Amino acid sequence: MFKKTAIVSLFTLISASYMAQTQTLPIYLDESKPVEQRIQDALSRMTLEEKVAMLHAQSKFSSPGVPRLGIPEFWTTDGPHGVRPEVMWDEWDQAGWTNDSIIAYPALTALSATWNKKMSWNYGKALGEEARYRKKDILLGPGVNIYRTPLNGRNFEYMGEDPYLTSKMVVPYIKGVQSNGVATSVKHFALNNQEMFRHTSNVNVDDRALYEIYLPPFKAAVTEGDSWTIMGAYDMYKNQYASQNQYLLNDILKKEWGYKGVVLSDWGAVNNTEQAIHNGLDLEFGSWTNGLSKGTKNAYDNYYLAKPYLDLIKSGKVGTKELDDKVTRLLRLAYKTTMNRNKPFGNVASEEHKAVAKEIGEEGIVLLKNQGNVLPIDVNKAKKIAVIGENAIKVMTVGGGSSSLKVKYETLPLDGIKNRFGKQADVQYARGYVGDIGGEYNGVKSGQNLKDDRPAEELLNEAVELAKNSDYVIFVGGLNKSDFQDSEGNDRKSYGLPYNQDHVISALAKANKNLAVVLVSGNAVAMPWIKEVPSVLQSWYLGSEAGNSIASVLAGDANPSGKLPFTFPVKLEDNSAHRLGEYPGQKDELAAGKGKDQKNPINITYNESIFVGYRWHDTKKIKPLFSFGHGLSYTTFEFGKATADKNVMSQDDKITFTVIVKNTGKRAGAEVAQLYISDIKASVPRPAKELKGFEKVFLNPGEQKEVTFTIDKTSLSYFDAEKHDWVAEPGDFEAQIGNSSDAIKTKVKFTLK
Ligand code: BGC
């Protein structure tokens, strides 16, 4: 009896306290309530000071939440190829943690080169898991600035020259990352298409180019991918800095596209409080506030969106409408990330993550040339393999700027090749040349000593001798992550390969006809030796599994299926930004020394308008070295004749094209069927053709598959600046399907009514 009473009263006590708890649970913490209601409740409890505090950083990479209400801080991290190591509270220097090394994934150029949306999802999911495990809420990436010039030092962090390819590839990445309760921050919005003068330039671009070329990836990222945050850029557009820009942030992003997420500034991209308040910025990072320098105690309080904002509100000069909108957006972000109780825990360096990195590397590598089928390496014939070139032994994950990483491991190409071929063949190495021996980025050290003081001639002779005495020669060269190469903050100084590599390659080509050149870079390079070299692989920066991915393609374990996400011009002047100017800025202003500081910005006018990359080469019939979409395989494919389900379509109709792709060779492999649309007669200038669909198909020997593409008038439209709308002009069009922009295999004409 006693027992029963005790149990009953215990139960009453527990349920009463539970009731009390649920009854008093504030709405903003009550998960049963709709999010927008919770946001309003949180907002109503916050003081003015708490609201303003939310709008700016409290450290190099974090911003405060609302401690009194238990709303957590936001922790951001670069991005976009792996999770950046921990830095000190206030500085770029390393914090010295020992638990912050991660897996490096292939650079975004490599991901884009897979032309495989599934790979993009896998990438995002794995990277998001690592960010989540490292307790990050916002991943500073992906980058989707369009490839306008091969000199842009940051092209390796982006997805190439085509707005359609970039748009399709970026969406699954975002969804994959965000499935972990970690926000992406698609960057850099917008028009940051070069590093030179990135803080001191004003970009002039016509509306057609803006809407047709430069904005679509961002639009897809926020409207289809639902990226919870977006990062403003450093440069100016219409003479306003992009991170506090009325046209880009308010008119286009928030009004036209209806964006409900958070706009954060690039680090140090804000420089005006009024513009930051009114022009759509929500969260300020990295400012070196006027008059204050690094390390000043109250630097964060003096951010543009800190005390100066508070003072303006208190003095009645500005209202709180913008403030509440910004805080509403930040709270919305909090409910998806920091206050999301349903997010997974994440993990780092699982076997699955390594496999994702390796597979994307293998699928992203592009076989540019393979005369006489030098590749794959025949292990029965290759008893002695010479590996030559600095990039075979150089760590590439350290350097390059904000995407620099501290990795658990990085398999170097030489090690990958030794692991794969070492049992059957004698693999020997010679450097051939010395390029960059550096190996440190903001306190992270590669741990390599690449010093070699031997004269250039001696290095070359050693390499040539080795090449002569080998069955196969693999030259691994290209660019690297040091300043003025593939690196943030500067552009490349020239289009050619650095460190006299052209000379080394030519000498090796003379020494041995079984030569494969493997180019590690995130950019196109000049190849004056292309006729001398039978086989060339574009291998990008492939992260932790680099050496294994490369070896696997060299051996034919993986059949290459990557396709170029940008054009390789023969020479720099063949690129439209260089042919028509302006790069790196308006010529007279350049001569007058403009662009040196923010008081004297330089103008960069995109005179080439919409004619970027293959759109320019095709239209002007300028033959590239390698075209957009190009990439060979160890097997062969055939395209059947394309058919359309109708030959006349109306404005609200759809049209479907069908084509059969067959593997006619002896190996399993994958081909990318690419659909380009050509407007045969138009009242405005239009590119010869534009990518409007692609599909990667995996085929066993002899197997064939049907590929279909369904499009509507959006694929036929151009942006009419006067109407400020998209227009699909009635008339004749042609669907062109092939496996590269310069290899169209089949065409179908149709008419738009
Ligand atoms: C870069 C961004 C990066 C940020 C934080 C900036 O300099 O432009 O891409 O996310 O720094 O490291």
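Bear in mind the structure is a predicted one, so any value in this text is a computation, not a measurement.

Criteria and thresholds
- Residues numbered from 1 in each chain as written.
- Predicted model: local features only at pLDDT ≥ 70, side-chain atom pairs only at ≥ 80, totals over all residues.
- Heavy atoms only, no water.
- UniProt positions renumbered as here; feature names shortened; annotations may be inferred.
- Helix = DSSP H or I, 4+ residues; strand = E, 2+ residues; numbered from the N terminus.
- Domains from an automatic or database assignment.
- Contact = heavy atoms within 4.5 Å.
- Buried area = accessible area lost by both parts, 1.4 Å probe.
- Salt bridge = Lys/Arg side-chain N within 4 Å of Asp/Glu carboxyl O.
- Polar contact = N/O pair within 3.5 Å; in protein donor to acceptor, adjacent residues only side chain to side chain.
- Nonpolar A, V, L, I, M, F, W, Y, C, P; charged D, E, K, R; others polar.
- Pairing = 2+ DSSP bridges.
- Axes fitted to C-alpha atoms, helices over the stretch in contact; angles between N-to-C directions.
- Near = heavy atom within 4 Å.
- Areas by Shrake-Rupley, 256 points an atom, 1.4 Å probe, with all protein chains shown as cover.
- Buried < 20%, exposed > 50% of the residue type's maximum accessible area, 1.4 Å probe, protein only.

Below, the discussion takes up the UniProt feature "domain: Fibronectin type III-like" (unreviewed entry) in the protein. Here the UniProt-annotated "domain: Fibronectin type III-like" (unreviewed entry) positions come out as residues 671-741. Segment residues 671-741 splits into 0% helix and 61% strand. End C-alpha atoms: 14 Å apart.

Right, let's talk about the domain arrangement of the protein for a bit. Along its sequence, the protein is organised into domain 1 (2-336), domain 2 (363-555) and domain 3 (613-752). With 17 residues of domain 1 at the interface, the matching set in domain 3 holds 24 residues. Between domain 1 and domain 3, the buried area comes to about 1,800 Å², and carbon and sulfur atoms account for 61% of it. On the domain 1 side of the contact with domain 3, Trp115, Tyr164 and Arg208 bury the most area, a combined 40% of that side's loss. On inspection of domain 1 and its partner domain 3, the count reaches one salt bridge. Here Arg615 and Asp162 are joined by a salt bridge, their closest N and O atoms 2.8 Å apart. At the boundary of domain 1 with domain 3, the tally comes to nine residue pairs in polar contact (both at pLDDT 80 or more). Only α6 (163-178) and α7 (207-214) provide two or more residues apiece to the side of domain 1 that touches domain 3. By residue class, the composition of the side of domain 1 that touches domain 3 is seven nonpolar, two polar and eight charged.

Strand order in the open sheet made by the five strands is β21-β29-β28-β23-β24, with mixed pairing throughout. Two strands lie at the open edges of the sheet, namely β21 (648-649) and β24 (690-699), each paired on one side alone. In the sheet, strand β28 (residues 731-740) pairs with strand β29 (residues 743-752) via nine bridges, with the strands oriented antiparallel. Bridge pairing in β29 places Glu734 opposite Lys749.

Another aspect to go through is the sheet that holds strand β4 (residues 183-189). The strand order across the open sheet formed by six strands is β1-β2-β3-β4-β6-β9, and the pairing between neighbours is mixed. Each end of this open sheet is capped by a strand with a single partner; those strands are β1 (62-63) and β9 (262-264). In this sheet, strand β2 (residues 74-77) lies alongside β1 in antiparallel orientation, the contact comprising two bridges. Note that in β2 the partner of Ser63 across the bridge is Phe74. Running over the sheet, helix α8 (residues 216-224) touches β4 and β6 (229-232) and is turned about 160 degrees from β4.

The next subject is the site of the ligand. Around the ligand sit 15 residues, and of these Asp78, Arg154, His188, Tyr234 and Asp266 come closest. Between the ligand and His188 there is a distance of 2.7 Å, counted from an oxygen atom to a side-chain nitrogen or oxygen. Between Arg198 and the ligand, the recorded distance is 3.4 Å, taken from a side-chain N or O atom to an oxygen atom. Taking 310 Å² as the accessible area of the ligand by itself, protein coverage stands at 96%. Each residue belonging to the shell around the ligand can be placed in one class, and the counts come to six nonpolar, two polar and seven charged.

Right, let's get into the pairing of strand β23 (residues 669-679). The buried fraction of β23 amounts to 11 of the 11 residues, a majority that puts the element mostly inside the structure. Here β23 shows a buried face lined by Gly669, Glu671, Ala673, Leu675, Ile677 and Asp679 and a second buried face lined by Ala670, Val672, Gln674, Tyr676 and Ser678. Here nine bridges tie β23 to β24, and the two strands are oriented antiparallel to one another. Counted as the bridge partner of Glu671 is Val697 from β24. One ladder, built from six bridges, connects β23 with β28; its direction is antiparallel. Along β28, the bridge assignment pairs Tyr676 with Gln736.

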